[in-house]
Every structure is written in structure tokens, then in C-alpha cells.
Amino acid sequence: MVITRRQFVAYVAGATTSGVAGVAFDPGPRGAVSRRWLLVDLQQHCSLRESLVGYETALRVQSIRVAGLSLPLSACAGLIVPGALRIPPRVCRAIATCLQAGATVLLESGAGFAAGPDVRAHRAMLRGLLDVRTEAPVQLWTAAGHARSGAMPYIDYAWPSPTKVRDFSRVVPLERGGAGEIIAWVGGLPVALKRRTGGGGGTLIFLGSPLGPALWAGDAEARRWLFDVTLST
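Of the consecutive residues Trp159 and Pro160, the connecting peptide bond is found in the cis state with omega at -5°. Although it is not a glycine, Gln43 adopts a positive phi angle of roughly 55°. Mapped onto the fold, Gln43 is located in the loop between β1 (37-41) and α2 (49-59). Positive phi, close to 55°, is recorded for Asp131, a residue that is not glycine. Assignment of secondary structure puts Asp131 in the loop between α4 (116-130) and β5 (138-139).

Right under this line is the structure:
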């Protein structure tokens with residue numbers, strides 16, 4: 001049995017509360033940087049709604065529905081697209097606008113919780129829109145609920161600071177040799193990249209492992225990593 005998104009969120013919440021009970025990461029003055037970041041609600045095209053809530057909670061910002069993407073995007077510092085499966089044309093244009101203006105776009109894949117046809121469409125979309133080439137999702141856990149590696153899977157981020165975040169689901173690995181700098185691995189699989197792109201020198205960050213549910217559950221390392229991203233780009 002493949003883990004469902006609800007099981008994933010439950011495991012994340014249980015792990016964070018049992019492992020770091022009573023510990024919370026308070027960004028303090030860092031939270032002010034999030035005011036210049038925008039969060040996109042893809043609505044039916046977001047396959048992991050809990051991820052959206054996680055980013056809203058961590059950055060203390062409200063999400064913008066797809067229909068509301070008429071704000072002055074060229075003035076924002078960054079755009080976050082959580083749990084993305086399909087990306088409507090309006091959001092594609094918003095991504096291009098931000099990158100051309102020198103902003104950062106953080107795109108989190110939601111394909112790990114999708115069916116075969118949607119996964120194939122997702123991979124084709126990433127390749128055509130952003131030249132991000134991915135493999136088929138990889139299950140990190142067995143049907144019996146055991147980690148395939150024999151140890152708790154951790155996403156090892158190397159940028160913007162060394163960070164480990166637990167993952168309880170499937171990940172979307174990147175093809176090796178593609179454009180961009182690999183910034184995170186799990187069990188030898190590359191699962192996140194960073195790349196300068198666009199005429200204005202914007203930065204694209206692609207996450208093949210969902211960070212939002214860990215943010216929602218209050219994972220201190222996940223929140224610290226996200227705030228470091230907002231300060232580093």
C-alpha cells in the first residue's frame with residue numbers, strides 16, 4: 001500500500017511532536033522578510049493542501065488564489081508554489097514575470113501523491129516550462145510502513161545551510177546531469193535544485209520532496225531552512 005497524503009501529514013505531525021516536544025522555532029525579526037514573498041494557491045491543481053497551509057503558517061502570509069494573480073509581481077522578492085501538480089497559464093506567466101524581475105521562485109512538486117497520467121503530465125510540464133527534468137516518483141517506505149533504506153529517510157539540504165528534514169512519503173528525483181545546482185539529496189537521490197534563470201537573473205528553486213507538511217507540523221529544521229532561503233535570495 002502506497003502511503004497517502006493524509007498518512008504522510010499524520011506521520012510528520014507525530015514525529016515532530018514526539019521528537020521535539022515543546023520546541024518551536026520562532027523566526028523573530030526574520031518573519032518581516034516574508035512580507036515581500038507571495039504564496040500561490042493552485043486550488044484544484046495543488047495535490048497537497050496541507051503543504052499550502054504549512055507555508056502560510058511558517059511565513060505568516062496569506063495565499064493568493066490563481067484568479068487573483070494580478071498584483072505587481074515584479075515588486076515581490078519571491079513566489080512560492082506549493083504542492084504543484086498542474087500549473088495554469090496564469091501561474092506560468094507569474095513565474096516568468098518573477099524570474100525576469102530577478103526574484104526567487106520556489107516550486108514544490110506535488111507529483112508524489114498523484115496517479116500515473118498526472119505524474120507524466122507533471123514531468124512534461126516541468127521540462128517544457130522550466131527545463132527541470134525529473135524521474136518517476138520513488139517510494140521511501142515499504143507497504144508495511146518501514147523505511148526502505150532501513151533508517152529514517154532524511155532530506156539532506158546543502159544550501160542555503162546544511163539541514164536535515166524527515167520525509168515520510170514519495171519523492172520526485174531529478175535526472176542526473178540536468179541544468180542547475182543540486183541542493184538536496186535523500187538516499188543518494190537528488191531531490192532539489194537551485195538555478196539562476198530568466199533575463200533578470202532570477203533564482204528557481206525546485207523541491208521534489210514536499211516541505212510544506214513539515215512546516216505545518218512545526219518542524220524546526222524545516223522552518224529554519226525556509227527562512228534561510230528567504231534571507232539568501
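Another aspect to go through is the packing of aromatic side chains. For the structure on display, the rule yields one aromatic pair. The ring of Trp159 has Lys194 sitting right over it, with the charged end atom 4.9 Å from the ring centre.

Turning our eyes to something else, we now look at the sheet that holds β1. Read from one edge of the open sheet, nine strands run β2-β1-β3-β4-β11-β10-β9-β6-β7, paired in mixed fashion. Only two strands of the sheet have a single neighbouring strand rather than two, namely β2 (63-65) and β7 (163-166). On average, adjacent strands in this sheet sit at an angle of 20° to one another, irrespective of strand direction. Bridging between β1 and strand β3 (residues 78-84) involves three bridges; their strand directions are parallel. Along β3, the bridge assignment pairs Trp37 with Gly78. Across the sheet, helix α6 (residues 220-232) lies against β1, β3, β4 (104-109), β6 (154-157), β7, β9 (181-186) and β11 (202-207), angled at about 130° from β7, the strand it touches most.

Bringing the pattern of salt bridges into the picture now. Enumeration according to the criterion identifies six salt bridges in this entry. Notably, a salt bridge pairs Asp156 with Lys164, separated by 2.4 Å at the nearest N-O pair. When its relative accessible area of 47% is taken as the criterion, Lys164 is described as partly exposed. The shortest N-O distance in the salt bridge between Glu221 and Arg224 comes to 2.9 Å. Of the two residues, Glu221 and Arg224 both sit in helix α6, three residues apart, roughly one turn of that helix. Owing to a relative accessible area of 32%, Glu221 belongs among the partly exposed residues under this scheme.

Glancing now at the environment of Ser63. Tracing the chain through its elements places Ser63 in strand β2. Using a relative accessible area of 23% as the deciding quantity, one classes Ser63 as partly exposed. In this structure, the C-alpha to C-alpha distance between Ser63 and Asp41, residues 22 residues apart in sequence, is 5.7 Å.

A separate point is the packing of α2 against α6. Packing of α2 against α6 leaves a shortest axis separation of 11 Å and a crossing angle of 70°. Of the possible angle classes, the one that applies to α2 and α6 is roughly perpendicular. Considering the relative orientation of α2 and α6, their crossing is right-handed. In contact with Tyr55, Thr57, Ala58 and Leu59 of α2, α6 contributes Arg223, Leu226, Phe227 and Thr230. Taken together, the residues of the contact of α2 with α6 sort by class into five nonpolar, two polar and one charged.

The topology assignment puts Arg195 in strand β10 (residues 189-197). No salt bridge is formed by the buried Arg195, whose closest oppositely charged neighbour, Asp131, lies at an N-O distance of 4.8 Å. From its side chain, Arg195 meets the backbone oxygen of Asp131 in a polar contact 3.4 Å long. Apart from residues no more than four positions distant in its own chain, Arg195 is found in contact with Leu130, Asp131, Val132, Ala179, Gly180, Gly202, Thr203 and Leu204.

Below, the discussion takes up α4. Along its 15 residues, α4 runs 21 Å from first to last C-alpha, staying within 8% of the 21 Å computed at 1.5 Å per residue. Within the sequence span of α4, burial applies to Val119, His122, Met125, Leu126 and Leu130. One side of α4 holds all its buried residues, which, seen down the axis, span an arc of 125°. α4 presents Pro117, Arg120 and Gly128 as exposed residues on the side facing more than 90 degrees away from its buried surface. The inward-facing, buried residues of α4 contact β3, α3 (89-100), β4, β10 and β11.

The rules behind these values
- Residues numbered from 1 in each chain as written.
- Predicted model: local features only at pLDDT ≥ 70, side-chain atom pairs only at ≥ 80, totals over all residues.
- Heavy atoms only, no water.
- Helix = DSSP H or I, 4+ residues; strand = E, 2+ residues; numbered from the N terminus.
- Phe/Tyr/Trp six-rings, centres within 6.5 Å; stacked < 30°, edge-to-face > 60°.
- Lys NZ or Arg CZ within 6 Å of the ring centre and 35° of its normal.
- Pairing = 2+ DSSP bridges.
- Axes fitted to C-alpha atoms, helices over the stretch in contact; angles between N-to-C directions.
- Contact = heavy atoms within 4.5 Å.
- Salt bridge = Lys/Arg side-chain N within 4 Å of Asp/Glu carboxyl O.
- Buried < 20%, exposed > 50% of the residue type's maximum accessible area, 1.4 Å probe, protein only.
- Parallel < 35°, antiparallel > 145°, perpendicular 65-115°, else oblique.
- Left-handed = near helix turned anticlockwise from the far one by under 90°.
- Nonpolar A, V, L, I, M, F, W, Y, C, P; charged D, E, K, R; others polar.
- Lys, Arg positive; Asp, Glu negative; His and termini not counted.
- Polar contact = N/O pair within 3.5 Å; in protein donor to acceptor, adjacent residues only side chain to side chain.
- Expected span 1.5 Å × (residues − 1).
- Arc of directions from axis to C-beta.

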